[in-house]
Structures are given as C-alpha cells and as structure tokens.
Amino acid sequence: MNKMKRITLESDSHFQPKIAVCRFGKVDDQKVNQIVTIIQECYNRLAPHEVDVVDLYIFERSSTVEAFLAEESRKVGVTSSSFDELFFSMHDAWRGISRIIICLERIRKLPTLAQKAGIRHEVGHSVLHGSPLYYILTIPPALQDLARRFKLFRQYVINMLYLISIAVKDYEVSRLLHEHGYAKDQIAFAKHVLAPMENDRTAWEISEGKRDAEALCLTSYLKLIGYATPFLTNEDSRKEINHYIKASLSFLPKKYSTKLLEETPKIFQQLELDTMNNINKFTQLIVEKIIQPIFEDETKNKVLGDHLPEAK
C-alpha cells in the first residue's frame, strides 16, 4: 500500500480546520481539490464548531480501504465493521483526531449531488463526534437487563449496541445538516442509501424465525431510518422520504415494517443534544418497543445463548 506524503491545507477562517490530506493509490489533484472545497464550504456553514484539525484520507480503491481499516482496527484495538458497500465514505476518531475516509472507486458511482451529501455527512460527524469517547461505549441498562433475562452472549449485546449507536449518531448528523439548510442534497443521498439491497433481503430470510438473529437484523435497519428521519419534518420531502424508507423495508413482514415505520421516527425525534444520553434513551425505547417483544415471542427459536457477564 503506497501512501503519499501528507499535505496540510491552511485556512484563514476561524472555523476552518486544517485539513491534512493523505492519498492512497492514484488520486489526482483535481479530485482532491473538489473534495476539499466541499468540506471547507460545509465547515463554514456549520460554524461555530470546535474542529481544529481533520485528517482526510482519499483512497483509489475500496479493497485498499478495507485492508487499511482492518489493520487500523487491530492496531487501535477498536472493533470496526467492514466498509459498508452502500457507502463511499466514513468518519472515525480512533486516534483522537477526526478522520474522513473517502473511496473514489465508489464515489464515482453516484450522482454529483449525492456525492456532496455523503461528504457533508462525514463533516457533520467530525463536528458532533470527533472524539474517541463517542466510540467507547458502556452497555446501557436496558441492554444489560435484556441480556440477563434472555441469557445472551456478551458479544451479541455489544454488536447490538454498536448498531444502535451508529443509528443515533447518523440521526444527529442528519438533524444538524437539516438545521443548516442541507436538504436537497441529503434527500438525493437518501435515495441511494435507502435503496432496497438484495443482501438485506437474504439476511432477513436467513434470520427469520430465530429471535436473536431477527432482533439483530431489525436493529441494523435503524441506521437508515435515523439518517432519513430529520427530513420527514419537511412538508415537501416527507412523502418522498417515506416512500424511500418503505421501499428499503419492503422485504420485511408487515408486522415489523409497520412497527419500524411508525415507532422509530417518533423515538428519534425525542432525542436532544447529548449523544451519550441519546444512546441510552434510544436504547431503552427501542428495546421496549421493538427488540424485547421479539424475545418474548415464544414461537421464536433460541439460536444464541450464554449468560452475559456483568457489564462495566
């Protein structure tokens, strides 16, 4: 893996962070400048904020991104999901500084407006979640209680918390961008993010009838709903966004898709400004309304099972 020399771009604006660019593979200056311009415009609009420095890693190929993230996860000791095929970008702050990662191989597949929206989404994460504290989470009481009651593996509960936390953080970012006038581009990106995927349908078919697998599968869809929820408040976009969300869940049994569509946006809209409090509150309500009823259904098979040790 060839990593080119880091270039730091300065700005005169008080709210413009220094952007340290690292390139992996063939990444030309024109593309770097286009991406940096989008990022700088977004930081200006989201001001005031406390971002001083951001690392921008631009990769030519998705395979290189995946290898890089696997190695970073091993070095830093943070459990990371794979670079989701739906997305061309991501944000982390594992090393104490916000890092935005962009894959050119994937970004080229989207319309220009959706490309800008995805980049702005990561800028929003850097503004709201630019500390390692947002990636080191304590298992909320609601999940601890669920684990003890139904004797769940600890790793299973950690996976569920991870899915819940990224849903909450994505909702917070969409809410921030919506409040600062980004709607048209984010709705264009929602059309891409919420497009039904065959692998989602396959995952559900494998999970159906198994309570542990069903619960985890449904939890994984919260991220998509969280991303879209802030745009349901726009009269002009509500119908369009609802259509996209319904399409993304079209393979689910009606009892689940209806519950997710009716309950989840209301829960997201109760969240305030503190991310950690939001994760705990959202977990409590999602466990109560969506997850626990699955575990209480006696017709579901028990496929996992091991007592969760006392969480710290």
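For clarity, every value in this text was computed on a predicted model and none was experimentally measured.

The rules behind the values
Residues numbered from 1 in each chain as written. Predicted model: local features only at pLDDT ≥ 70, side-chain atom pairs only at ≥ 80, totals over all residues. Heavy atoms only, no water. Core = buried A, V, L, I, M, F, W, Y, C linked by side-chain atoms within 4.5 Å. Buried < 20%, exposed > 50% of the residue type's maximum accessible area, 1.4 Å probe, protein only. Helix = DSSP H or I, 4+ residues; strand = E, 2+ residues; numbered from the N terminus. Contact = heavy atoms within 4.5 Å. Salt bridge = Lys/Arg side-chain N within 4 Å of Asp/Glu carboxyl O. Pairing = 2+ DSSP bridges. Right-handed = clockwise from strand over helix to strand, strands pointing away. Axes fitted to C-alpha atoms, helices over the stretch in contact; angles between N-to-C directions. Parallel < 35°, antiparallel > 145°, perpendicular 65-115°, else oblique. Left-handed = near helix turned anticlockwise from the far one by under 90°. Nonpolar A, V, L, I, M, F, W, Y, C, P; charged D, E, K, R; others polar. Phe/Tyr/Trp six-rings, centres within 6.5 Å; stacked < 30°, edge-to-face > 60°. Lys NZ or Arg CZ within 6 Å of the ring centre and 35° of its normal.

Further remarks concern the nonpolar core. The biggest cluster of nonpolar side chains holds 81 residues, and the ones touching the most others in it are Leu 56, Leu 143, Tyr 221, Ile 241, Leu 260, Phe 282 and Ile 291. Of the residues forming this core, the biggest block, eleven residues, is contributed by helix α6 (residues 154–179). Apart from the residues within four sequence positions on either side, Leu 260 is in contact with Leu 218, Tyr 221, Leu 222, Ile 225, Leu 249, Leu 252, Pro 265 and Ile 290. If you look at the next biggest cluster of nonpolar residues, it comprises ten residues, including Phe 24, Val 65, Met 90 and Cys 103.

Here we take up the pattern of salt bridges. If you walk through the whole model with that rule in mind, you get twelve salt bridges. Residues Glu 41 and Arg 45 are paired through a salt bridge, measuring 3.4 Å at the closest nitrogen-oxygen approach. Here Glu 41 pairs with Arg 45, and both are found in helix α1 (residues 29–46), just four residues apart, close to one helical turn. A relative accessible area of 27% means that Glu 41 is categorised as partly exposed. Since its relative accessible area comes to 36%, Arg 45 is described here as partly exposed. Asp 185 serves as the salt-bridge partner of Arg 120, at 2.9 Å between the closest nitrogen and oxygen. Taken together, the residues span a long stretch of sequence, with Arg 120 in helix α4 (residues 112–128) and Asp 185 in helix α7 (residues 184–193) at a distance of 65 residues.

This paragraph deals with the pairing of strand β2 (residues 18–24). The buried fraction of β2 amounts to six of the seven residues, a majority that puts the element mostly inside the structure. Across seven bridges, the pairing between β2 and strand β3 (residues 53–59) is parallel. Looking at the pairing, Phe 24 lines up with Phe 59 of β3. Traced from β2 through α1 to β3, the parallel crossover comes out left-handed.

What follows concerns the packing of helix α12 (residues 254–268) against helix α13 (residues 275–296). Contact geometry of α12 with α13 gives a least axis separation of 10 Å together with a crossing angle of 170 degrees. Here α13 runs roughly antiparallel to α12, going by the angle between their axes. The two elements α12 and α13 meet at a crossing, and its hand is right-handed. Contacts between α12 and α13 involve Tyr 256, Lys 259, Leu 260, Glu 263, Thr 264, Ile 267 and Phe 268 on the former and, on the latter, Phe 282, Leu 285, Ile 286, Lys 289, Ile 290, Pro 293 and Ile 294.

Glancing now at helix α5 (residues 141–150). Of the positions making up α5, those classed as buried are Ala 142, Leu 143, Gln 144, Leu 146, Ala 147 and Phe 150. Considering only its buried residues, α5 is in contact with α6, α9 (211–220) and α13. Immediately downstream of α5, the backbone of Lys 151 shows phi near 55 degrees, a positive value.

Between α4 and α7, the shortest axis-to-axis distance is 8 Å and the interhelical angle comes to 100 degrees. Viewed along their axes, α4 and α7 adopt a mutual orientation that is roughly perpendicular. Of α7, the residues touching α4 (which contributes Leu 113, Ala 114, Lys 116, Ala 117, Gly 118 and Arg 120) are Lys 184, Asp 185, Gln 186, Ala 188 and Phe 189. Among the residues forming the contact of α4 with α7, the class breakdown is five nonpolar, two polar and four charged.

This part covers the packing of aromatic side chains. Enumeration according to the criterion identifies 13 aromatic pairs in this entry. An angle of 10 degrees between the planes, with centres 4.1 Å apart, marks the rings of Phe 24 and Phe 59 as stacked. With a gap of 35 residues between them, Phe 24 in strand β2 and Phe 59 in strand β3 connect regions that are remote in the sequence. An aromatic cluster of three or more residues is present, and its members are Phe 24, Tyr 57, Phe 59 and Phe 68. In this arrangement the basic side chain of Lys 169 is found over the ring face of Tyr 135, its NZ or CZ atom lying 4.2 Å from the centre.

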